[in-house]
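# Summary of the model geometry
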2 protein chains.
Amino acid sequence: MAADDQIRDAAEEEDAEIRDEEGRLVAEFVDDVAEAIGANDAERVRELAADLHESDLGDLIETLEQDDRPKLVELLGKDFDFTALTEIDETVRVQLLEELPPETVAEGVRELDSDDAVYILEDLDEAGRARILEQIPAPERIALTRSLDYPEDSAGRRMQTEFVAAPEFWTVGHTIDYIADARELPDTFYEVFVVDPTYKLVGSVPLDRLLRSRRSKLLSEILEEDPRTIEATEDQESAARTFERYNLVSCAVVDENERLVGVLMVDDIVDVIEEEADEDLRALGGVTSDEEISDPVIYTARSRIPWLLVNLATAFFSASVIGLFEATIEQMVALAVLMPIVASMGGNAGTQTMTVAVRALATQEIGGHNARRLVRRETLVGLANGAALAIVVALIAGLWFKNAQLGVIIGCAMVVNLVCAGLFGILIPLGLDKLKADPAVSSGVFLTTVTDTVGFFAFLGLATWWFGLGGPS
Amino acid sequence: MAADDQIRDAAEEEDAEIRDEEGRLVAEFVDDVAEAIGANDAERVRELAADLHESDLGDLIETLEQDDRPKLVELLGKDFDFTALTEIDETVRVQLLEELPPETVAEGVRELDSDDAVYILEDLDEAGRARILEQIPAPERIALTRSLDYPEDSAGRRMQTEFVAAPEFWTVGHTIDYIADARELPDTFYEVFVVDPTYKLVGSVPLDRLLRSRRSKLLSEILEEDPRTIEATEDQESAARTFERYNLVSCAVVDENERLVGVLMVDDIVDVIEEEADEDLRALGGVTSDEEISDPVIYTARSRIPWLLVNLATAFFSASVIGLFEATIEQMVALAVLMPIVASMGGNAGTQTMTVAVRALATQEIGGHNARRLVRRETLVGLANGAALAIVVALIAGLWFKNAQLGVIIGCAMVVNLVCAGLFGILIPLGLDKLKADPAVSSGVFLTTVTDTVGFFAFLGLATWWFGLGGPS
């Protein structure tokens with residue numbers, strides 16, 4: 001055992017050195033691995049990478065050059081833990097899987113918990129998936145195929161089909177002995193599900209409760225009745241809310257007949273929460289949710305251009321509003337200098353409101369009971385901040401162009417635009433949500449269209465009217 | 001037991017009805033509770049709310065009018081679960097705690113796990129906290145004070161000081177018997193920590209492994225050596241990355257002498273992950289992270305205005321760039337109509353790059369090894385999309401103003417601005433990160449300043465030079 005300890009210690013030491021303070025992989029370590037791969041030195045590669053945690057191994061794969069990735073897997077052979085593939089970007093994963101022989105992948109996937117196996121297979125195209133599945137023996141293949149039949153992003157896709165279930169009439173002692181002796185148990189579990197003979201869920205017993213109960217007690221006496229369940233077809237985001245709301249670490253997944261079919265684990269839910277928050281953030285920034293930093297230039301450029309084209313259309317629309325006032329601008333160029341200020345402040349204030357609204361909708365904090373209050377609040381905030389900014393802008397603009405009236409006009413336009421920004425900043429996300437569209441994706445375009453148009457129109461229109469200049473042509 | 005069952009069933013039924021399909025509280029239920037509070041009907045309030053899950057109770061409190069909240073707590077009396085306070089917005093919590101008598105709060109807080117107690121107490125001001133702490137008996141008070149001494153947002157603040165620890169020489173059987181008999185155990189736990197006599201962490205044994213091992217085995221034989229640990233002073237965000245990276249459900253927290261002082265649980269980490277993603281998103285939207293949708297108008301307006309003032313300064317700066325070209329615009333008003341298009345497209349493209357960069361920095365996906373590659377990629381994406389958009393814009397603008405040369409000029413300005421947008425969209429967040437500033441908070445302002453300034457300057461400057469109009473004044 002002492003020798004074993006030393007080996008472990010050595011491994012841990014390597015492990016401690018591969019990440020820097022900020023938690024990023026150390027460049028020297030990556031270079032060492034790349035060098036060993038280049039030299040086809042299987043022993044050195046194993047020495048460096050065989051004992052890595054799946055997550056570190058995943059990061060290592062991402063960091064390596066594309067050609068070195070399949071070589072790493074082959075050089076590691078039996079020592080390569082396919083779980084690492086769940087930790088890497090989709091683009092990298094799909095590429096790597098396509099380059100590996102299907103038998104290697106099939107063998108690796110068989111070793112995994114079902115949820116990890118599904119996670120790896122789901123991104124492949126029909127043909128690639130079939131090539132791998134046909135290498136897997138029937139019972140496991142059927143279980144995998146069943147999970148893959150659930151809709152994308154559903155709880156059924158994320159669930160693990162291995163779990164511990166026991167009948168109500170078992171005693172605590174019997175259950176503990178069963179667990180100690182059983183061979184085919186999931187790698188990790190936190191509760192024992194109590195089921196009736198038709199596999200309907202009756203209750204659950206967390207392991208700590210099992211350990212704290214007398215051996216002679218029946219499971220039926222200590223089980224938590226009607227535990228929270230998640231339907232297999234339910235969206236993973238809604239499953240994540242259930243985990244979060246009720247502080248769960250695992251949760252039973254049931255089919256449409258309320259039969260237990262799997263279990264969702266909190267580590268997968270953590271990934272879902274991170275993914276969903278990421279999606280909102282990217283959507284607000286105009287980036288698609290599947291873009292990854294390892295993507296090549298062409299792919300990235302192509303995935304970003306639709307959003308830019310949509311924005312271009314709205315930009316031309318607000319330009320056409322300015323076009324209405326060409327005659328006015330010709331007579332008073334100061335207006336052209338100042339007009340972007342009104343539009344951009346409206347955009348900024350509206351974005352503040354929209355950000356709050358989009359997040360509150362995503363976390364289900366807005367309901368019928370407080371929507372009206374929020375609309376009122378945001379409008380009033382727009383009015384308050386509009387008034388405050390109006391004074392500042394009026395003073396600066398008035399002094400700059402030595403024209404007090406111009407100051408008053410830009411101030412008024414500012415108030416109008418910030419009230420609109422607050423009002424539409426909340427109404428647009430609420431409306432899109434009502435229409436079952438994702439408010440994070442398109443609120444921004446609509447909002448900028450409103451704040452630009454209102455900003456230009458209010459400012460140029462007021463100026464035309466006040467100074468009696470050549471109005472809309 | 002049958003009667004007990006029926007009561008539970010009834011409670012579960014209520015429970016099933018209080019949320020609609022979307023997971024929001026049903027308005028009728030909230031109205032029923034508000035009515036019972038108005039009528040001072042303690043029995044009815046208990047009937048409706050005593051059996052609620054802490055999370056549902058928390059949402060109920062938030063939804064009630066401010067005056068009804070302390071009344072609900074008082075009417076529920078002993079049946080009020082203070083854990084619910086960990087589920088509500090800070091503003092609501094602080095307000096409610098200030099309105100309740102300190103003895104009530106002290107008594108409620110004593111019932112909680114230490115991490116929840118700290119969570120509730122940490123937001124109160126010095127005096128309010130002292131008033132409550134002095135009502136709590138010494139041993140518990142000392143433990144709470146010690147946790148509160150750790151820096152805000154550190155692992156020490158979030159940890160639970162109750163855990164199960166055992167010496168190496170215990171057998172599995174002895175440990176299981178100990179857990180069955182011990183009185184003072186945490187409410188929930190997933191692993192037994194193995195410690196030496198000085199409380200230094202030697203290893204950990206997950207409960208499922210404990211259950212799967214022979215009773216005669218020693219803990220030293222089955223423990224996981226050198227388990228991941230988190231330092232009590234470590235930032236909660238970095239602790240969250242450790243949980244996420246290594247798929248943990250609980251993790252030992254150690255002090256500077258590597259002694260076990262507490263345990264972090266995944267449910268708290270889920271909240272941290274959600275909070276941190278939220279912070280990034282809000283920062284990008286120009287909203288402070290502590291703004292909550294239950295905040296009143298004045299508070300909201302005041303917290304948002306600093307960001308607007310910063311943006312106002314940059315708006316005036318880019319306006320001053322336009323001011324340089326007043327003479328040019330006077331001679332060709334079409335420039336004033338088109339210039340916001342160039343600026344806004346740069347802003348949109350830059351935001352796409354910045355969003356990806358900010359998120360990748362937050363999730364530690366950018367390191368020394370790929371930063372240079374990313375800068376090159378983003379610049380090339382800017383060039384590609386700039387060229388594509390340039391063609392579209394040049395055609396539309398040329399046709400609109402029946403001036404092909406104007407089309408060429410706006411096209412060239414577009415390419416210049418989108419390349420800059422890509423370059424600065426990545427360099428600004430990277431630079432801020434190097435300077436240890438939070439890239440999510442201020443990248444946006446710097447970026448808009450660049451894209452507006454470059455956009456206006458490139459377009460108006462090119463036009464001035466090309467058409468030989470009155471140049472910068």
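Residues numbered from 1 in each chain as written. Chains lettered and ligands numbered in written order. Predicted model: local features only at pLDDT ≥ 70, side-chain atom pairs only at ≥ 80, totals over all residues. Heavy atoms only, no water.

### Brief notes about the sheet that holds strand 6 (residues 250–254) of chain B
Residue and element names in this part refer to chain B. Strand order in the open sheet formed by three strands is 5-6-7, and the pairing between neighbours is mixed. Only two strands of the sheet have a single partner each, and these edge strands are strand 5 (229–231) and strand 7 (260–265). Strand-to-strand twist in this sheet, taken as the mean axis angle between neighbours without regard to direction, amounts to 35°. Bridge count between strand 6 and strand 7: five bridges; the pairing is antiparallel. Each bridged residue has a counterpart across the sheet, and for Cys251 the counterpart in strand 7 is Leu264. Against the sheet, helix 15 (residues 236–245) touches strand 5, strand 6 and strand 7, its axis set at about 65° to strand 7. (Pairing = 2+ DSSP bridges. Helix = DSSP H or I, 4+ residues; strand = E, 2+ residues; numbered from the N terminus. Axes fitted to C-alpha atoms, helices over the stretch in contact; angles between N-to-C directions. Contact = heavy atoms within 4.5 Å.)

### Considering helix 21 (residues 404–434) of chain B
Residue and element names in this part refer to chain B. Compared with the 45 Å implied by 1.5 Å per residue over 31 residues, the 45 Å span of helix 21 between its first and last C-alpha is a close match. Regarding helix 21, its N-cap is Asn403, as a side-chain oxygen of that residue lies 3.2 Å from the backbone nitrogen of Gln405 further along. Backbone geometry just after helix 21 places Lys436 at a positive phi near 65°. (Expected span 1.5 Å × (residues − 1). Polar contact = N/O pair within 3.5 Å; in protein donor to acceptor, adjacent residues only side chain to side chain.)

### What to know about the UniProt feature "domain: CBS" (unreviewed entry) in chain A
Residues annotated in UniProt with the feature "domain: CBS" (unreviewed entry) correspond here to residues 223–279 of chain A. Across residues 223–279 of chain A one finds 44% helix and 28% strand; the C-alpha atoms that close the span lie 38 Å apart. (UniProt positions renumbered as here; feature names shortened; annotations may be inferred.)

### Details of the interface of chain B and chain A
The interface is formed by 132 residues belonging to chain B together with 132 residues belonging to chain A. In total, about 11200 Å² of surface goes out of reach between chain B and chain A, with carbon and sulfur atoms giving 60% of it. Taken together, chain B and chain A are joined by 12 salt bridges. For Asp181 of chain B, the salt bridge goes to Arg214 of chain A, with nearest N and O atoms at 2.8 Å. Linking chain B to chain A there are 34 residue pairs in polar contact (both at pLDDT 80 or more). Looking at the side of chain B that touches chain A, the element that brings in the most residues is helix 19 (residues 334–362) of chain B, giving 19 residues. In terms of residue class, the side of chain B that touches chain A is made up of 64 nonpolar, 25 polar and 43 charged. (Buried area = accessible area lost by both parts, 1.4 Å probe. Salt bridge = Lys/Arg side-chain N within 4 Å of Asp/Glu carboxyl O. Nonpolar A, V, L, I, M, F, W, Y, C, P; charged D, E, K, R; others polar.)

### Structural notes on the UniProt feature "transmembrane region" (unreviewed entry) in chain A
All names here are of chain A. UniProt marks residues 305–325, 380–401, 407–432 and 444–467 with the feature "transmembrane region" (unreviewed entry), using the numbering shown here. A helix fraction of 95% and a strand fraction of 0% characterise residues 380–401, whose end C-alpha atoms lie 31 Å from each other. Each end of residues 444–467 is marked by a C-alpha atom, and these two atoms are 34 Å apart; helix forms 100% of the span and strand 0%.

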